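Architecture at a glance
So you can see what is in the structure, the chains are spelled out below.
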Amino acid sequence: ERLDREIAEVLGLTERREKDSELFKVFSEVFDKTTVETITYFYRRGKIERLYGVLSTGKEANVFAGYDSNGNKIAVKIYRTYTTEFRRIWEYLAADPRIGSLPRDIRKLVFVWTRREYKNLQRALKYAVRAPEPIAFRNNILIMEFIGDDLPAPRLKDVEKELEKGDFEELYDFAMRSIEKLWKRGDMVHGDLSEYNILIWHEPVIIDWSQATVKRNRMSLTLLYRDIRNITNYFARKGVDVEDPEVKFRELAGD
Ligand code: ADP
Ligand code: MN
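Calculation rules
Residues numbered from 1 in each chain as written. Chains lettered and ligands numbered in written order. Predicted model: local features only at pLDDT ≥ 70, side-chain atom pairs only at ≥ 80, totals over all residues. Heavy atoms only, no water. Donors = N, O, S within 2.8 Å, 3.2 Å for Na, K, Ca; no water. Helix = DSSP H or I, 4+ residues; strand = E, 2+ residues; numbered from the N terminus. Buried < 20%, exposed > 50% of the residue type's maximum accessible area, 1.4 Å probe, protein only. Domains from an automatic or database assignment. Contact = heavy atoms within 4.5 Å. Buried area = accessible area lost by both parts, 1.4 Å probe. Salt bridge = Lys/Arg side-chain N within 4 Å of Asp/Glu carboxyl O. Near = heavy atom within 4 Å. Polar contact = N/O pair within 3.5 Å; in protein donor to acceptor, adjacent residues only side chain to side chain. Areas by Shrake-Rupley, 256 points an atom, 1.4 Å probe, with all protein chains shown as cover. Nonpolar A, V, L, I, M, F, W, Y, C, P; charged D, E, K, R; others polar. Pairing = 2+ DSSP bridges. Core = buried A, V, L, I, M, F, W, Y, C linked by side-chain atoms within 4.5 Å. Patch = residues over 30% accessible without salt bridge, like charges linked within 9 Å, V, L, I, M, F, W, Y side chains within 5 Å. Lys, Arg positive; Asp, Glu negative; His and termini not counted. Charge placed at Lys NZ, Arg CZ, Asp CG, Glu CD.

On to the coordination of the manganese ion (ligand 2), then. Around the manganese ion (ligand 2), the donor atoms from the protein are N197 (OD1) and D208 (OD), and they sit 2.2 to 2.3 Å away. Highlighted residues: N197 in the loop between β6 (188-189) and β7 (198-199) and D208 in the loop between β8 (205-206) and β9 (213-214), separated in sequence by eleven residues. Owing to a relative accessible area of 7%, N197 belongs among the buried residues under this scheme. Residue D208 is classed as partly exposed on the basis of its relative accessible area of 23%.

As C-alpha cells, then:
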C-alpha cells in the first residue's frame, strides 16, 4: 500500500531493511493510524523527509531526529495518543484560559496538548526567551528546530560534571532571567524548568514547553513557584550564590 511505502521511506527502511533497529522499535511503539497518517501528511509536503534517530523516549512522547526535504535537521516530537498521563494532561488543559471546551476523546485531547506546546514555543520566542523554533504541528506531532549539529545538544544534566562554577553562575542567571522575562513580559510560565529541560548549545536553550501556560491560569503561581524552587535548589547545590527563592517569588508574584 502507498502509505506503507511512504512510511518505510521516511524511516529509511527501504534502503537498510533494519527492522530491528532502535528507530524502528521505538517508532513501532507510537505507530498507530493517526501517527502514520500525520507523518505521511508531512512527508508529502516536504516537512519530514526522513526520521533517522531517536532523541528520547518518554512517558508522554518520543522525540526523533530527522530532516526535511531541504536537508534541514529537525526534531520531531510525537505524543502518544493513548497516554496514561491522561488525567494530568486534562487537568493542565482545563486550567488554561486560552483553551475552550475540552474534547472528551483522549486522542483529541492530545492534539490540543500538542498544539498548545507549539503555541507556547512561539510565545516564548516572541518574548526573546531561547527555545527551539516551532516549524509545524498537526494532530499529535510537533516539528521544531533541531538543537545541535551532528549530535543533539546535551542537556544541562548530561554535562554538569564538566562545568565549572563560572558556568553554573552564567546558567543560573540565564534561567532566572528567562523565568522573569517570561513572567513579566510574556505573562507566561514554563512550569517544568530544570536541568533536564535546558540544552547546552552555543547559547543555552529551554525545551519541553508542554506544561507552559499563561499568568491568567489559576495554576500559574504554583508553576512559577515550582520553577523558581527547582532552579534555585539545583544551582545552590552547584555552589552558586543564589537569591532567596521566597523573596524572588514574592517579587514576581507581587504584581
Ligand atoms: P519529555 O516531555 O519527554 O521530557 P522533551 O521535550 O524534554 O520531552 O524532549 C525529550 C528530549 O529530546 C530532550 O531531553 C532532548 O534530549 C531531546 N530534544 C527535545 N527537543 C529537542 C530539540 N529541539 N533539539 C534537540 N534535542 C531535543
Ligand atoms: Mn523534558
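A separate point is unusual backbone geometry. Despite not being glycine, N139 has its phi angle at roughly 50°, a positive value. In this structure, N139 sits in the loop between β4 (134-138) and β5 (141-145). The exposure class of N139 is partly exposed, given its relative accessible area of 26%. Phi at D208 is positive, roughly 60°, even though this residue is not glycine.

Take the domain arrangement of the protein chain next. Much of the literature gives interface size as the accessible area that the parts lose upon coming together. Its domain assignment divides the protein chain into domain 1 (2-145) and domain 2 (156-253). On a C-alpha basis, the centroid separation for the pair domain 1 and domain 2 is 25 Å. Facing 23 residues of domain 1, the contacting portion of domain 2 comprises 26 residues. Note on domain 1 versus domain 2: buried area summed over both sides is about 2000 Å², and carbon and sulfur give 58% of it. Taken together, domain 1 and domain 2 are joined by two salt bridges. Of the charged contacts, one joins D208 and K77 as a salt bridge, the two residues approaching to 3.1 Å between their closest N and O atoms. Going through the elements one at a time, β3 (73-79), α5 (86-94) and α6 (106-126) are the ones with two or more residues in the side of domain 1 that touches domain 2.

The subject of this paragraph is the site of ligand 1. Taken together, 16 residues lie near ligand 1, and K77, E145, I147, N197 and D208 sit nearest. With respect to ligand 1, the backbone of E145 contributes an N or O atom lying 2.9 Å from a nitrogen atom. Within the side chain of N197, one N or O atom sits 3.1 Å away from an oxygen atom of ligand 1. Out of a free accessible area of 540 Å², ligand 1 has 87% covered by protein chains. Taken together, the elements giving at least two residues each to the shell around ligand 1 come down to β1 (50-57), β3 and β5. Its residues assigned to classes, the shell around ligand 1 shows ten nonpolar, two polar and four charged. Counting residues domain by domain, the shell around ligand 1 receives three or more from each of domain 1 (2-145) and domain 2 (156-253).

Let us look at the pairing of β4. Regular strands place side chains that alternate from one sheet face to the opposite one. Direction of pairing for β4 relative to β5: antiparallel, over a ladder of four bridges. Bridge pairing in β5 places P134 opposite M144. Hairpin connection of β4 to β5: two residues between the antiparallel strands, including N139 at a positive phi of 50°.

Turning our attention to the nonpolar core. The nonpolar side chains of a soluble globular protein tend to be buried with one another. Counting 51 residues, the largest nonpolar core has L156, I179, W209, L224, I231 and F235 as the members making the most contacts within it. The leading source of residues in this core is helix α8 (residues 165-184), at nine residues. Each of two domains, domain 1 (2-145) and domain 2 (156-253), supplies a minimum of three residues to this core. Leaving out residues up to four positions away in the same chain, L156 has contacts with L163, F168, L171, E195, I198, I200, Y234 and F235. In terms of nonpolar packing, the next biggest core, distinct from the first, is built from 23 residues, F24, F64, I78 and I143 among them.

Let us now look at a negative patch on the surface. On the surface, a cluster of negative charge is contributed by E164, D167, E170 and D173. Looking at the element boundaries, E170 is found in helix α8. Under the relative-accessibility criterion, E170 is labelled exposed at 58%.

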